[in-house]
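Chain residues, written in single-letter form:
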There are 2 protein chains.
Amino acid sequence: GDVCQDCIQMVTDLQNAVRTNSTFVEALVNHAKEECDRLGPGMADMCKNYISQYSEIAIQMMMHMQPKDICGLVGFCEEV
Amino acid sequence: GDVCQDCIQMVTDLQNAVRTNSTFVEALVNHAKEECDRLGPGMADMCKNYISQYSEIAIQMMMHMQPKDICGLVGFCEEV
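The rules behind the values
- Residues numbered from 1 in each chain as written.
- Chains lettered and ligands numbered in written order.
- Predicted model: local features only at pLDDT ≥ 70, side-chain atom pairs only at ≥ 80, totals over all residues.
- Heavy atoms only, no water.
- Contact = heavy atoms within 4.5 Å.
- Buried area = accessible area lost by both parts, 1.4 Å probe.
- Salt bridge = Lys/Arg side-chain N within 4 Å of Asp/Glu carboxyl O.
- Polar contact = N/O pair within 3.5 Å; in protein donor to acceptor, adjacent residues only side chain to side chain.
- Helix = DSSP H or I, 4+ residues; strand = E, 2+ residues; numbered from the N terminus.
- Nonpolar A, V, L, I, M, F, W, Y, C, P; charged D, E, K, R; others polar.
- Expected span 1.5 Å × (residues − 1).
- Buried < 20%, exposed > 50% of the residue type's maximum accessible area, 1.4 Å probe, protein only.
- Phe/Tyr/Trp six-rings, centres within 6.5 Å; stacked < 30°, edge-to-face > 60°.

> Just give me the short version of the interface of chain A and chain B, but keep the residues and values in it.
The interface is formed by 21 residues belonging to chain A together with 21 residues belonging to chain B. Counting the surface lost from both chain A and chain B, the interface buries some 1600 Å², and carbon and sulfur atoms represent 66% of this. Where chain A meets chain B, there are zero salt bridges. Seen at the junction of chain A and chain B, the total is eight residue pairs in polar contact (both at pLDDT 80 or more). Of all the elements in the fold, those that place two or more residues in the side of chain A that touches chain B are α1 (3-20), α2 (24-36) and α4 (67-74) of chain A. Sorting elements by how many residues they give to the side of chain A that touches chain B places α1(A) first, with eight residues. Broken down by class, the residue content of the side of chain A that touches chain B amounts to 10 nonpolar, five polar and six charged.

As structure tokens, then:
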């Protein structure tokens, strides 16, 4: 399979999930904060603060970009 | 579509691309470093150093985990 096409599919479904499931984003953000605890006590708080600070802007950006542009940004699709 | 299944598909194809295309990882890492320049001169070097330092371990980890476990870690699949 093609990583670029896979990525476009995933981002499209992610955007739909964010639009249709009101708790999807909250669950994702909470999950990410839990993963911060893997980093140990020193880094965990920094990691959680970072997520609190940037998750909203990241989601806004993700919802306002085309899937192909997001996948290009990450390096999974050739950028135009 | 289901974000978990999309993620598993993408990670599976990513792992295959890393295994079969010797320049895939290098291109991805170089792309990521270029994106660092979007952060401005102060942050760009920090970002590039961070990528240099962690990209190899991240790729090793990605290649030694099951796609479903990676997608669970990121929060796109329910963890078992």
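Back to the write-up after that little detour.
> Tell me what's going on with helix α1 (residues 3-20) of chain B, and back it up with residues and numbers.
Helical periodicity: at 3.6 residues per turn, an α-helix aligns residues three or four positions apart in one direction. Its 18 residues give α1(B) an end-to-end C-alpha distance of 26 Å, which sits within 8% of 26 Å, the value for a rise of 1.5 Å per residue. For α1(B), the set of buried residues is B:V3, B:C4, B:D6, B:C7, B:M10, B:V11, B:D13, B:L14, B:Q15, B:A17 and B:V18. Taken together, the buried residues of α1(B) touch α1 and α2 of chain A together with α2 (24-36), α3 (41-64) and α4 (67-74) of chain B.

> Let's hear about the packing of aromatic side chains: which residues, and what values?
All names here are of chain A. For the structure on display, the rule yields two aromatic pairs over all chains. Here the aromatic rings of Y50 and Y54 are separated by 4.7 Å at their centres, their planes lie at 50°, and the arrangement is tilted. Remark: Y54 and Y50 occur in helix α3 (residues 41-64); sequence separation between them is four residues, near one turn of the helix. When its relative accessible area of 53% is taken as the criterion, Y50 is described as exposed. According to the relative accessible area criterion, Y54 is partly exposed, its value standing at 38%.

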